[in-house]
Amino acid sequence: MLDCGLSAHSVLNFLPLYPIPDWKPNKAAAWIPKNFSDPQIEGELNECMANQVLVNSAPEFMTPLTKLVDFADIDVILVSNYMTMLALPFITENTGFKGVVYMTEPTLHIGKLFLEELVDFVEQSPKPNVAKYWKEILHLLPPPLCNSFKPYTWKQLYSLAQVHSSLTRVQMISYDQKIEITGALTVTAVSSGYCLGSSNWVIYLESKKLVYVSNTSTLTTHPRPMDQVNLKNADLMLLSSLTQAPAANPDSMLGELCLSVAVTLRNNGSVLIPCYPSGVVYDLFECLSSHLESTALGQIPMYFISPVAHNSLEYSNILAEWLSQSKQNKVYFPEEPFPHAQLVKSGRLKHFKHVYTDDLWNDLRQPCVVFCGHPSLRFGDVVHFVEYWGTNPLNTIIFTEPEFPYLEALAPFQPLAMKAMHCPIDTSMNFTQANKMIKDLKPAVLILPERYAFPTSYSHKNEFVIDQTDRKVLTIKRGEVLSEKLDIKTVNVPFSTEMVVSVTLNELQSGLKASTFTAVLDTKDNKYKLDILRDNILENKSTEPYLLETLFKKTYEYGQLDIDRFLRALTNEGVSDPKIEHNAHGYTIHLKSEDTLIQVDDKSTHIFCEKMDKNWRLKLRTIVMDCLDSF
């Protein structure tokens, strides 16, 4: 299984969870469909002042589709980054999963923070009721509720115990480390340049090379740069996770954000930035602090509020080997690789666990900049700040995460006096960068989501489409099963050391040497090895005579079957009714009296014999061998 991302878009259909007890602004009124009366629906739906109907229940998430595959059948999960592992407990717990999960060290540590923060956000404001009946009357509900994708498959979030249990299945790996899976294939993680420890995957299956490209960035930020060399000349490339904001340039958006923050602060307003506890937020700390310093606003405090804020800031500074070279170099001076370490020491960046802690409110000084989650605005500390600052037009909320439509996120808080800005910062590859990468890497077959080939949001712009020339391109959509055959013609079979010593090469002609040898083919866990013939095989009394004869024969057959010679040999053995039928690949010989069918093509001969006569089958084998060339 490649990645196990959690779609949180479904939570936008639910009312926010307020982190402070008894703080529940009454901005939504009970709602039921017109001309519909059923007591089961009462209390499940509310209409906010933005005329959007939301579900009054604990939020539910879109999990990986369980009908497509039995999770108990999965041997291995390859996780590309900490954003693509948030559904892991849904897959590993209570499903019969017995496999192993591979990811890099930063992915494990930071992914654990993401999982713990998400659980904390949801559990700190528990909803006593669970709404279910609304799913049965979708056709009566207004959009976007009526357009919900399979709401019966949505689930409430996992528990902290399930998170910790799922992480016990993880094995940490390094970049370029070769991991063998059940002897059938080898996988290697290579840097994708997207975030700390993020990976693309190279999968070797015998003579074939498969490449999985997940969130990938060619920009120069804090992670180690993308490794393109190992992705070249793949037989098949699976491309996913391009930018969710193709029309927005990350550098331009960062510049707009800095300007907007500075303008708001000068006007004595405060800025709220919904964020995740790691990733782009590190770059925001760095760029925003520098900009404020250059505009004489360096004294303005910044607050980072998250139940895992402290651990996130600490981890980012100790994972030096996974950083870009410029960040790594700072470690050896010694100097913290990230400016936020110095910002924390100087008191310009302060971190707190929760919005309701006394320490925060004793320290909070406005105007200021607050970073907190969750970007959906449906749970977490950000919910309180939107309500707390939302009535002041001097304040600004800036959305940087492209995953959630910001107007939908703000709907339950309307009317809102504070200004709202959308500056989506997604460092994943855009379509232009992806097309250049594909051209350089030259995959034989490219598989990508259907919307990358025929985008809907920007269909009038050709720069938001993946180029489909010069290669075979297959598209896939959610829930679809795609089959692509890999034509594996060769298998590597190594010789044992004793076997190599026993082989003597004879020169057949200039530049061509060959040798005959007799060996035992050892097969185990999809691995093959040729070894010398041991005495115990010869001493085994149960060994069939024809097997011994084969082991010690001095000739080796090759080439195509001589059909005329074969028919004459059959006649000599008393077979008088062979019937020959020609086909596109060769011919079929039917021996009706012997209940036998022989299929012959250019490269193989197959014998189907219903006759339960061992001697007859051995005789047929001998005839076939005699009608081939040999040496």
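For the structure given in this document, a descriptive report is provided here. Since this is a predicted model, take the numbers as computed values, not measurements. (Residues numbered from 1 in each chain as written. Predicted model: local features only at pLDDT ≥ 70, side-chain atom pairs only at ≥ 80, totals over all residues. Heavy atoms only, no water.)

This part covers helix H12 (residues 431–441). Residues of H12 that are buried include every one of Phe431, Ala434, Met437, Ile438 and Leu441, and no others. Relative to the axis of H12, the buried residues are bounded by an arc of 120 degrees and lie together on one face. Opposite the packed face of H12, turned more than 90 degrees from it, sit the exposed residues Thr432, Lys436 and Lys439. Where H12 is buried, its residues touch strand E12 (208–213), strand E13 (236–239), strand E20 (445–449) and helix H13 (450–453). The opening residue of H12 is Asn430, an N-cap whose side-chain oxygen sits 3.1 Å from the backbone nitrogen of Thr432. Backbone geometry just downstream of H12 places Lys442 in the positive-phi region, at approximately 55 degrees. (Buried < 20%, exposed > 50% of the residue type's maximum accessible area, 1.4 Å probe, protein only. Helix = DSSP H or I, 4+ residues; strand = E, 2+ residues; numbered from the N terminus. Arc of directions from axis to C-beta. Contact = heavy atoms within 4.5 Å. Polar contact = N/O pair within 3.5 Å; in protein donor to acceptor, adjacent residues only side chain to side chain.)

Another point: the sheet that holds strand E5 (residues 76–78). Strand pairing in a sheet takes place through backbone hydrogen bonds and is either antiparallel or parallel in direction. Pairing in this open sheet of three strands is parallel, and the strands run E5-E6-E8 from one edge to the other. Taken across any chain shown, the strands that pair with only one partner, and hence form the sheet edges, are E5 and strand E8 (170–173). Between one strand axis and the next, the sheet turns by 25 degrees as a mean value, whatever way the strands run. By the bridge criterion, four bridges tie strand E6 (residues 100–104) to E8 in an arrangement that is parallel. Across the sheet, the residue bridging to Met103 is Met172, located in E8. (Pairing = 2+ DSSP bridges. Axes fitted to C-alpha atoms, helices over the stretch in contact; angles between N-to-C directions.)

Further remarks concern unusual backbone geometry. Omega for the bond connecting Pro143 with Pro144 falls within 30 degrees of zero, at 5 degrees, which places this linkage in the cis form. Mapped onto the fold, Pro144 is located in the loop between helix H2 (105–123) and strand E7 (155–156). Across the junction of Gln414 and Pro415, the peptide omega takes the value 0 degrees, indicating a cis bond. You can see Pro415 is positioned in the loop between helix H11 (406–410) and strand E19 (419–422).

The subject of this paragraph is the sheet that holds strand E15 (residues 302–305). Read across the sheet, six strands follow the order E16-E15-E17-E14-E18-E19 without closing on themselves; strand pairing throughout is parallel. Pairing within the sheet leaves two strands with one partner each, and these edge strands are strand E16 (349–352) and E19. Taking the axes of each pair of neighbouring strands and ignoring which way they run, one obtains an average angle of 20 degrees across the sheet. In the sheet, strand E14 (residues 271–274) pairs with strand E17 (residues 369–372) via four bridges, with the strands oriented parallel. The residue of E17 that forms the bridge with Ile273 is Phe371. Where helix H5 (residues 280–294) meets the sheet, its contacts fall on E14, E15, E16 and E17, and the angle it forms with E17 comes to roughly 170 degrees. Contacting E14, E15, E17 and strand E18 (396–399), helix H10 (residues 382–389) runs over the sheet at an angle of about 155 degrees to E14.

A separate point is a nonpolar patch on the surface. Where nonpolar side chains cluster on the molecular surface, the patch consists of Ile488, Val491, Val493 and Leu521 and spans about 280 Å² of accessible area. Position of Val493 among the secondary structure elements: in the loop between strand E21 (472–476) and helix H14 (497–502). The partly exposed category is assigned to Val493, whose relative accessible area is 32%. (Patch = residues over 30% accessible without salt bridge, like charges linked within 9 Å, V, L, I, M, F, W, Y side chains within 5 Å. Areas by Shrake-Rupley, 256 points an atom, 1.4 Å probe, with all protein chains shown as cover. Salt bridge = Lys/Arg side-chain N within 4 Å of Asp/Glu carboxyl O.)

Take helix H4 (residues 250–266) next. For H4, with 17 residues, the first-to-last C-alpha span of 24 Å sits near the 24 Å given by 1.5 Å per residue. As for H4, its buried residues are in contact with E14, H5, E17, E18 and E19. Where H4 begins, one side-chain oxygen reaches toward the backbone nitrogen of Asp251, 2.9 Å away; that side chain belongs to Asn249. Of the residues one or two after H4, Asn268 is the one with positive phi, at around 70 degrees. (Expected span 1.5 Å × (residues − 1).)

Looking at the secondary structure, you find Thr84 in the loop between E5 and helix H1 (88–92). Its relative accessible area of 9% is what places Thr84 among the buried residues. Look past the residues within four positions of Thr84 in its chain and what remains in contact with it is Asp3, Cys4, Gly5, Val79, Ser214 and Asn215.

As a further point, take the packing of H4 against H5. Pairs of packed helices are described in terms of their axes, by the angle between the two and the distance that separates them. H5 packs onto H4 with a crossing angle of 50 degrees between their chain directions and a minimal axis gap of 10 Å. Comparing their axes, H5 and H4 come out oblique. The two elements H4 and H5 meet at a crossing, and its hand is right-handed. Of H5, the residues touching H4 (which contributes Leu254, Leu257, Cys258, Leu259, Val261, Ala262 and Leu265) are Leu284, Cys287, Leu288, His291 and Leu292. Residue classes in the contact of H4 with H5 are distributed as 11 nonpolar, one polar and no charged. (Parallel < 35°, antiparallel > 145°, perpendicular 65-115°, else oblique. Left-handed = near helix turned anticlockwise from the far one by under 90°. Nonpolar A, V, L, I, M, F, W, Y, C, P; charged D, E, K, R; others polar.)

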